[in-house]
Amino acid sequence: EAGVTQFPSHSVIEKGQTVTLRCDPISGHDNLYWYRRVMGKEIKFLLHFVKESKQDESGMPNNRFLAERTGGTYSTLKVQPAELEDSAMYFCASSLPAGINTGELFFGEGSRLTVL
Amino acid sequence: LAKTTQPISMDSYEGQEVNITCSHNNIATNDYITWYQQFPSQGPRFIIQGYKTKVTNEVASLFIPADRKSSTLSLPRVSLSDTAVYYCLVTRNQGGKLIFGQGTELSVKP
């Protein structure tokens, strides 16, 4: 079974441009999370989807970040316009629905964003 | 969620048992203790989760004392490939979002 996949693996853009990161969770996983890690810092929670609904978006840094999960399948995280401080590794994770959730989050390999 | 504290780094040699202790003084009744492993340029990977006493799987053991204010991840006979960052996390009701700390960077030497 395929794991969580993220695309692109690495994106290099200039300040002011737009980037869209995509995450395909494991099939059947209702929960989808976005995290990011700025170099030298801790991994930070961004937001949590349950199916297509945003359950918790308390970690989203500002309104330049927009996350969507239309249809409750894959998710996108758009940064527009990108700033230098957005450079980070962005991780996506998914987990089973509530009730059968063992507590394990399955992470993707991450998308590295570099803003020049 | 309870804040966790663990050593920033540890060194070990191949074949040794490694014990990483984490403190979580403010853990709540509904909280579980979960450990993740992360290799460079990869996403974190679940290792083990427990609520109390001892949990063992094919990778590690997790020891949790009765007061649950700390926990110890035990890795038996480590190899070079166990060099990674290990995160101790407290999770609400076994699932939900994870709050990562700085983790423990384990370096295994030959």
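Relevant structure appears above.
Sequence order as written defines residue numbering, which begins from 1 separately in each chain. All chains are assigned letters beginning with A, and all ligands numbers beginning with 1, in the order in which they are written. In keeping with the predicted nature of the model, local features appear solely for residues at pLDDT of at least 70, side-chain atom pairs appear and are counted solely at 80 or more, and the whole-chain, interface and lining totals rest on all residues. Each side-chain value is worked out from all heavy atoms of the structure, with water and hydrogens disregarded.

## Considering the overall build of chain B
Scanning chain B from terminus to terminus reveals zero helices and nine strands. If you list the helices and strands of chain B from N to C, you get β-β-β-β-β-β-β-β-β. For the radius of gyration, the atom set is restricted to C-alpha positions; the globular benchmark scales as 2.2 Å times the number of residues to the power 0.38. Taken over C-alpha atoms, the radius of gyration comes to 13 Å for chain B, in line with the 13 Å a tight globule of 110 residues would show. With the C-alpha coordinates of chain B rotated into their principal frame, the extents come out at 40 × 30 × 25 Å. Where helices and strands are cited, they refer to DSSP runs of H or I of at least four residues and of E of at least two residues respectively, numbered from the N terminus.

## Focus on the sheet that holds strand β7 (residues 70-75) of chain B
Residues and elements named next belong to chain B. Spatially, β2-β7-β6-β5 is the arrangement adopted by the four strands of the open sheet, whose pairing is antiparallel. Edge positions in the open sheet fall to β2 (18-23) and β5 (53-56), since each of these has one partner strand only. In this sheet, adjacent strand axes meet at a mean angle of 15° when their direction is disregarded. Both β5 and strand β6 (residues 61-64) contribute to a ladder of four bridges, which runs antiparallel. Looking across to β6, one finds that Thr56 is bridged to Ser61. Two strands qualify as a pair provided DSSP detects at least 2 bridges between them. For helices, the axis comes from a line fit to the C-alpha atoms of the stretch in contact; other axes are also lines fit to C-alpha atoms, and the angle between any two N-to-C directions lies between 0 and 180 degrees.

## Examining the state of the cysteines
All names here are of chain B. Only a pair of cysteine sulfur atoms within 2.5 Å qualifies as a disulfide here. Counting across every chain of the model gives two disulfides over all chains. Two residues, Cys22 and Cys88, share a disulfide whose sulfurs are 2.1 Å apart. One quick way to see it: the torsion about the S-S bond of Cys22 and Cys88 is about -80°, and its sign makes the bridge left-handed. With Cys22 in strand β2 and Cys88 in strand β8 (residues 84-92), the pair connects residues that are 66 residues apart, well separated along the chain.

## Observations concerning the interface of chain A and chain B
Taken residue by residue, the interface counts 19 residues in chain A and 17 residues in chain B. A 1.4 Å probe defines the accessible area here, and the buried area is the portion of it lost by two parts on being joined, summed over both. Of all residues in chain A, Glu42, Ile43 and Phe107 of chain A bury the most surface against chain B, accounting for 30% of the area lost on that side. One side-chain nitrogen of Lys or Arg within 4 Å of one carboxyl oxygen of Asp or Glu is enough to make a salt bridge. Our enumeration of links across chain A and chain B arrives at one salt bridge. Here Asp56 of chain A and Lys97 of chain B are joined by a salt bridge, their closest N and O atoms 2.9 Å apart. Taken together, the elements giving at least two residues each to the side of chain A that touches chain B come down to β4 (31-37), β5 (43-50) and β9 (88-95) of chain A. A total of three residues in the side of chain A that touches chain B trace back to one element, the largest contributor, which is β4 of chain A. Residues count as neighbours in contact if any of their non-hydrogen atoms are within 4.5 Å of one another.

## Structural notes on the environment of Gln37 of chain B
All names here are of chain B. Mapped onto the elements of the fold, Gln37 is located in strand β3 (residues 31-38). Accessibility expressed as a relative area gives 4% for Gln37, which makes it buried. Along the sequence, Gln37 and Thr21 sit 16 residues apart, while their C-alpha atoms lie 14 Å from each other. Once residues within four sequence positions are removed from consideration, Gln37 is found in contact with Gly43, Pro44, Arg45, Ile47, Asp82, Ala84, Val85 and Tyr86. Definition of a polar contact: a pair of N or O atoms within 3.5 Å, with one able to donate and the other able to accept a hydrogen when the atoms are protein atoms, and with sequence-neighbouring residues admitted only if both atoms are side-chain atoms. Polar side-chain contacts of Gln37 include one of 3.0 Å to the side chain of Tyr86. For every residue, the accessible area obtained with a 1.4 Å probe (protein chains only) is divided by the maximum for its type, and the residue is called buried under 20%, exposed over 50%, and partly exposed between those limits.

## Topic: the sheet that holds strand β3 (residues 19-24) of chain A
Residues and elements named next belong to chain A. Spatial ordering of the open sheet is given by β1-β3-β8-β7, a layout of four strands whose pairing is antiparallel. Here the strands that pair on one side only, and so sit at the sheet edges, are β1 (5-7) and β7 (65-68). Looking at each pair of strands side by side, their axes are set apart by 15° on average, direction ignored.

## Observations regarding the nonpolar core
Generally speaking, soluble globular proteins have nonpolar side chains that are buried together. Ranked by size, the top nonpolar core spans 22 residues in total, and within it Trp34, Leu46, Leu47, Met60, Leu77 and Tyr90 of chain A carry the most contacts. Residue assignment for this core shows that the elements contributing at least two residues are β3, β4, β5, β7, β8 (75-79), β9 and β11 (111-115) of chain A. If we skip the residues at most four places from it in the chain, Leu77 of chain A touches Val19, Thr20, Leu21, Trp34, Leu46, Met60, Phe65, Leu66, Ala67 and Tyr90 of chain A. Among buried residues, the Ala, Val, Leu, Ile, Met, Phe, Trp, Tyr and Cys ones that are joined through side-chain atoms within 4.5 Å form a nonpolar core. With 21 residues, the next largest nonpolar core counts Leu62, Ala84, Cys88 and Leu106 of chain B among its residues.

## Description of the side chain of Gln38 of chain B
One can find Gln38 of chain B in strand β3. Engagement of the side chain of Gln38 of chain B in a polar contact is seen with the side chain of Arg37 of chain A, the distance being 3.2 Å. Discounting residues that sit within four places of it in the chain, Gln38 of chain B has contacts with Arg37, Ile43 and Phe91 of chain A together with Gly43, Pro44, Ala84, Val85 and Tyr87 of chain B.

## Some words on unusual backbone geometry
In the segment running from Phe7 of chain A into Pro8 of chain A, the intervening peptide bond is cis, with an omega of -5°. For Pro8 of chain A, the position within the fold is in the loop between β1 and β2 (10-13). Following Gln80 of chain A, the chain continues to Pro81 of chain A via a peptide bond in cis, the omega torsion being -10°. The residue Pro81 of chain A is located in the loop between β8 and β9 in this model. With a phi angle near 60°, Arg68 of chain B is a residue other than glycine that sits in the positive phi range. One can find Arg68 of chain B in the loop between β6 and β7.

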